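# Per-entry structural report
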Amino acid sequence: MSDVFEALAHPVRREILKLLRKRPMSAGELSEHFTIAKPTLSGHFAVLKNADLVTTERKGTTIIYRMNMSVMEEALAAFLAIAGTKGKERQG
């Protein structure tokens, strides 16, 4: 889970996931939304893939990225569990 939170910590990676929430996209389509170098963006894709937040599918020479919703749901549940515990501690 620490890989997931580390991946979510960067604003570019959060923006990539936001875009992928709408639909699967190719690396080229995603790169159109950013002004950073493609190798840098590729590094962000690798972090997201290593955290299992995205899955990839190769279509010829194109790589299609999809958000892995089950991992996102697990991360959200973990975050809410942490936030819920802290909220109760403050109230008590």
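These remarks concern the structure in this document. (Residues numbered from 1 in each chain as written. Predicted model: local features only at pLDDT ≥ 70, side-chain atom pairs only at ≥ 80, totals over all residues. Heavy atoms only, no water.)

## So, helix H4 (residues 38-50)
Given a rise of 1.5 Å per residue, 13 residues ought to cover 18 Å, and the 18 Å separating the end C-alpha atoms of H4 matches this to within 8%. Those residues of H4 that sit buried are Leu41, His44, Phe45 and Leu48. Down the axis of H4, the buried set is contained in an arc of 100°. They therefore lie on one face. Exposed and oriented more than 90 degrees from the buried face of H4 are Pro39 and Asn50. Looking at the buried residues of H4, the elements they touch are helix H1 (2-8), helix H2 (11-22), helix H3 (27-31), strand S2 (54-59) and strand S3 (62-67). (Helix = DSSP H or I, 4+ residues; strand = E, 2+ residues; numbered from the N terminus. Expected span 1.5 Å × (residues − 1). Buried < 20%, exposed > 50% of the residue type's maximum accessible area, 1.4 Å probe, protein only. Arc of directions from axis to C-beta. Contact = heavy atoms within 4.5 Å.)

## Topic: H2
Over its twelve residues, H2 extends 17 Å from the first C-alpha to the last, a length consistent with the 16 Å expected when each residue adds 1.5 Å. Along H2, the residues classified as buried are Val12, Arg13, Ile16, Leu17, Leu19 and Leu20. One face of H2 carries all of its buried residues, which in axial projection span an arc of 160°. Exposed side of H2, more than 90 degrees from the buried face: Arg21 and Lys22 are the residues found there.

## Some points on the packing of H2 against H4
Running from N to C, H2 and H4 point in directions that differ by 75°, and their axes come no closer than 10 Å. With respect to H4, the element H2 is oriented roughly perpendicular. From H2, Val12, Arg13, Ile16 and Leu17 reach across to H4, where they touch Leu41, His44, Phe45, Val47 and Leu48. Partitioned by chemical class, the residues of the contact of H2 with H4 number seven nonpolar, one polar and one charged. (Axes fitted to C-alpha atoms, helices over the stretch in contact; angles between N-to-C directions. Parallel < 35°, antiparallel > 145°, perpendicular 65-115°, else oblique. Nonpolar A, V, L, I, M, F, W, Y, C, P; charged D, E, K, R; others polar.)

## Looking at the sheet that holds strand S1 (residues 25-26)
With antiparallel pairing, three strands are arranged side by side in an open sheet as S1-S3-S2. Each having just a single partner strand, S1 and S2 make up the two edges of the open sheet. Sitting on the sheet, H2 touches S1, S2 and S3, and the angle it makes with S3 is about 90°. (Pairing = 2+ DSSP bridges.)

## Regarding the nonpolar core
Nonpolar side chains in soluble globular proteins tend to end up buried together. Grouped together as the largest cluster of nonpolar side chains are 21 residues, with contacts concentrated most on Val4, Ile16, Leu17, Leu20, Leu30, Leu48 and Leu53. Counting residues per element, the ones that place at least two in this core are H1, H2, H4, S3 and helix H5 (69-91). Ranked by residue count, the leading element in this core is H2, at five residues. Sequence-distant contacts of Leu30, that is, excluding residues within four places in its chain, are made with Ile16, Leu19, Leu20, Met25, Leu41, Phe45 and Tyr65. (Core = buried A, V, L, I, M, F, W, Y, C linked by side-chain atoms within 4.5 Å.)

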